[in-house]
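# Commentary on secondary and tertiary structure
The chain contents come next:
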Amino acid sequence: MVQSCIVVLACTMLVFIATEATPGSVARKLLGPFASAQQVEILTQALGLNDPAYVRYFRWLGTVTGLSSVSIDPQATKNWSLQSLDTRTYFGNFGYSTLYKKPVNKVLWERLANSALLAGVALAVIIPISIAVGVLCGLNRYSLLDRTLSIVCVVTTAIPEFVWGILLITIFVLKLGVLPGTAPLQLSGNWSIAQQLVLPALVLILVDFGYIARMVRSSVIEVANKPYVRTAVLKGLGRTEIVLKHILRNAMIAPLTIILLQINFLISGVVVTEVIFAYPGFGRMLLEAALFGDIAVVQGAAIVSVVLAISTQFLGDIGYRLLNPRMRGA
Amino acid sequence: MSDDNVHFAIPALVDQWERRSISRREFLRTATLLGMSAAAAYRIVGLSPAALAAAQALPQGGTVRIAHPIKDVSNPQALNWFQFADLTFPVVQTLTRIGADNVTRPHLAASWGTSPDLRSWTIKLRPNAKWRKGRPFTVDDVIWNIKRLIDPATGSVSLGLMQPYLLNVSETDGKKKVELWDANAVEKVDDHTFKLNLKIPQVTIPEDLFTYTSVMLDPEENGAFGIGANGTGPFEMAEFEVSKRAVYRKWPGYWGTPANLDVVEFIDFGDDPNAAIAALASRQVDGLYQVAQDLLPAVKNMEHVKVYSASTANNATLQLDCTQKPWSDPRVRLAMRLAVDPKKQVELAVRGLGTPGEHHHAAPVHPDYSPLPPLGPDPAKAKQLLADAGYADGITADAYVSSNLPWTVASLEGMADEYRAIGVNLNVKTIPGSQFWEMWGKVPVIYSDWSHRPLAIQMYALVYRTGVDWNTPKWSNAEFDKLLDEASSIIDPVERRKVVAKLEQILQQDGPMVQPIWLDVQTAYDKRVLNFTLHPALCIFPEELALSA
């Protein structure tokens, strides 16, 4: 846990340094290109943007951890829609989004929930399919079935997300007209939210399942050659029992890491899919914020991503112990 | 002049129309500008205002959804792009409105008139106009808004627009001080009449009052704008979320003709234009803000969609900082113009959906445009000019362009190819839109787009007059400024065109920019959306729309 906190802290410093290097002034971004230098200066002062980098870093860290509050001269910002500036003191206050014009927390968690929804739908299909395909291929290695499924897995994974997106839109939206072309998660044009989720989830499934299936296949082949499996066969155990009790359980240890890594990817890394389908997700938010130079959102999102990654690895550790009793004492 | 009388120049104008020495559009524009009602002007040219007649038969109710970027508009008087006025116009209004036909009509104003010397404009407000929260809209509201517009703290582009004829600007210790040039510059006559008494003659006042920043905000709410904000417009803002959506509900008690629709919704589909097209294909939206040239074939294949197209004065200019070498030398700037083939640019960058530019920022759609002989392309002469200026070995420079507009990127890359032939090595730097506008006015070479304006002289006043904010190349030409003042004081469109021709020539020979393209704009709407007209500035007036059953 302490190590995790150190990792998060190190990441906040790295993110802060990286965002420091982006060109442009935050005040200018708030006020727009035609604001006078005088206006930009007033807001720069009000937001404390002229302070040294380390002062701003610790001030920001203090706000995030709830040790200090945000203070700003309301007179200096009266025209600039900063009324919703979150000046309360609490743990997890990521500050104010210059892009979305509201506290980062009001954007970040909503977007994270949207991405989790999409990731959940995709994973609900990816995990059973990829395990089934991987086991089938592993148990029938070098057969026609194995070769066919392996080619499918390699091809679907090799095709980039944007190609799948355009292909699926062309077929299901433009040609057949049976699905909506975007997923803004708003009820419009008689398309339900569930219908809106189909195409983006399908893209993620197509891109991701083959990779996991290939990992499961390799792992199944490796485990199937272990002496204890040979012993189980010689003992006369049934095929189903051997597969479920002796192969699958042990073969899942390596793919578990891959599956957990996919959670990180599906929640914070599917920018292309989210942009193609106008999906209001976490990855698209991060991209928009980075392009706009919305440092508060980038910093908040980066911390959440790191916490997410650490959490999934923590879950992975628990999973290993459940699957492999020998690790329980480690 | 009495406001109740016809302006002294109107009879001459009618005579010009009858002799066909001016076009129908020129007559309509100028007559309405001088205070004649649009209906009367249309009658003189033998037309009835079709939209008016059509509106009476339009179906009522329904929701229209439009794919449109949603940015912060909490300070409508400090907007930076016409595009985002679509998010404020449903609620707050301007005194005048320029229609899709480029004709200026009264809006919150009922009528206007001007003195013979064009230095005094009398503007009457509609007596029945009122705020949604019940208070009548009066001259006091207008004066409060004008004062807010010229306050540098507001950050409005209207300040630069009004500066030449309404303001005195001075600078002490780096702080800009702005005040009305005369205490009586904005004069209240009564609750519904006011006068603008100008420093210099100005013919474009009614058109300037339609600038997207010149909206009337409620003084009682201190100009605050957002969900539920007071306004005089036909809608109330019900929902607003940056980068997501904006929802407007009909105000049934609107003082004018109430909107046909119950709800108008703008939805932001992000930076990928394909997403909006996909949304239109699956009827998630009923219309688009704009269709990029390369996506037009996809839209044309949709059976339920109607494509709209218009020639406009939208364009982009390669701006060259006249205070920095080598661009400070007029020969270098002229060489840059001569090296470019505008016809090739139109074909390559916008797939033929435009008109070749002439490097003087007056478009063929402008009523005051005066055709000049084409300038170039002449790479040999361009090369010679560079040699004469001492750059025989060529020039290397960075040129910035925004990634938000793919056609400007394609155009700049095309120009960079052409410049290699004369020894100019232009490194094209494509940067995100948000960062691009920070660089605007700060880097020596930048390719930026310009919205449509109804008159060339409006554009000249905004961009090329010495010292105005948007003159980022810091170009200064005393003769140009003098001729611009002269053009701004001429009512007769034929006479004004003669002066504009001189302005065009100055820009071609000495100007601070290269302007290769006039852009046609396109958009697409579901055929169920009725009464849509494509405005050359791409303005959407939702109260005019209706939805068939």
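Residues numbered from 1 in each chain as written. Chains lettered and ligands numbered in written order. Predicted model: local features only at pLDDT ≥ 70, side-chain atom pairs only at ≥ 80, totals over all residues. Heavy atoms only, no water.

Before going further, it helps to spend a moment on the packing of helix H10 (residues 239-251) of chain A against helix H11 (residues 253-268) of chain A. Residue and element names in this part refer to chain A. Viewed as axis vectors pointing N to C, H10 and H11 meet at an angle of 45°, and their least axial separation amounts to 5 Å. Taken as axis vectors, H10 and H11 run oblique relative to one another. Along its contact with H10, which presents Arg249, Asn250 and Ala251, the element H11 presents Ile253, Ala254 and Pro255. (Axes fitted to C-alpha atoms, helices over the stretch in contact; angles between N-to-C directions. Helix = DSSP H or I, 4+ residues; strand = E, 2+ residues; numbered from the N terminus. Parallel < 35°, antiparallel > 145°, perpendicular 65-115°, else oblique. Contact = heavy atoms within 4.5 Å.)

The next thing to look at is the interface of chain A and chain B. Contacts between the two partners involve 39 residues from chain A and, on the opposite side, 41 residues from chain B. The salt bridge partner of Asp72(B) is Lys101(A), with a shortest N-O separation of 3.9 Å. Along the contact surface separating chain A from chain B lie six residue pairs in polar contact (both at pLDDT 80 or more). Breaking the side of chain A that touches chain B down by element, the ones donating at least two residues are helix H2 (26-31), helix H3 (37-46), helix H7 (161-175), helix H12 (271-276) and helix H13 (282-292) of chain A. Top contributing element to the side of chain A that touches chain B by residue count: H13(A), with four residues. Looking at the side of chain A that touches chain B, its residues break down into 19 nonpolar, 13 polar and seven charged. (Salt bridge = Lys/Arg side-chain N within 4 Å of Asp/Glu carboxyl O. Polar contact = N/O pair within 3.5 Å; in protein donor to acceptor, adjacent residues only side chain to side chain. Nonpolar A, V, L, I, M, F, W, Y, C, P; charged D, E, K, R; others polar.)

Attention shifts here to the pairing of strand E4 (residues 109-114) of chain B. Residues and elements named next belong to chain B. Here five bridges tie E4 to strand E5 (residues 120-125), and the two strands are oriented antiparallel to one another. From the neighbouring strand, serine 111 faces E5, where its bridge partner is lysine 124. Connecting E4 to the antiparallel partner E5 that follows it, the hairpin turn spans five residues, and leucine 118 within it adopts a positive phi of roughly 60°. (Pairing = 2+ DSSP bridges.)

This part covers a nonpolar patch on the surface. Residues and elements named next belong to chain A. Taken together, the side chains of Phe162, Val163, Ile166 and Val272 make up a nonpolar region of the molecular surface, amounting to roughly 330 Å² of accessible area. Take the nonpolar patch: its biggest share by element is three residues, from H7. Note on placement: isoleucine 166 falls in helix H7. On the basis of relative accessible area, isoleucine 166 is assigned to the partly exposed category, the value being 49%. (Patch = residues over 30% accessible without salt bridge, like charges linked within 9 Å, V, L, I, M, F, W, Y side chains within 5 Å. Areas by Shrake-Rupley, 256 points an atom, 1.4 Å probe, with all protein chains shown as cover. Buried < 20%, exposed > 50% of the residue type's maximum accessible area, 1.4 Å probe, protein only.)

Next up on the list: the packing of aromatic side chains. Within the structure shown, the criterion is met by 23 aromatic pairs over all chains. Judged by centre distance (6.0 Å) and plane angle (40°), the ring pair of Tyr57(A) and Trp60(A) falls under tilted. A residue pair is termed a helical-turn pair when its members lie 3 or 4 positions apart in one helix, as Tyr57(A) and Trp60(A) do in helix H4 (residues 53-65) at three residues. For Tyr57(A), a relative accessible area of 6% translates into the label buried. Taking the relative accessible area as the measure of exposure, Trp60(A) reaches 10% and is therefore buried. When the ring of Trp251(B) is compared with that of Tyr254(B), the centres are 5.9 Å apart and the planes differ by 65°; the resulting orientation is edge-to-face. We classify Trp251(B) as buried; its relative accessible area is 9%. Judged by relative accessible area, Tyr254(B) falls into the buried class, the value being 10%. Each member of the aromatic cluster is reached from another via a ring pair, and the members are Phe82(B), Phe89(B), Phe210(B), Tyr212(B) and Phe541(B). (Phe/Tyr/Trp six-rings, centres within 6.5 Å; stacked < 30°, edge-to-face > 60°.)

Further remarks concern the domain arrangement of chain A. All names here are of chain A. In terms of domains, chain A is made up of domain 1 (2-93) and domain 2 (106-327). The contact between domain 1 and domain 2 buries some 1,000 Å² in all, and 80% of this surface belongs to carbon and sulfur atoms. At the surface where domain 1 touches domain 2, the tally comes to zero salt bridges. On inspection of domain 1 and its partner domain 2, the count reaches one residue pair in polar contact (both at pLDDT 80 or more). The leading source of residues in the side of domain 1 that touches domain 2 is helix H1 (residues 2-20), at eight residues. Here the side of domain 1 that touches domain 2 is built from residues that sort into seven nonpolar, three polar and one charged. (Domains from an automatic or database assignment. Buried area = accessible area lost by both parts, 1.4 Å probe.)

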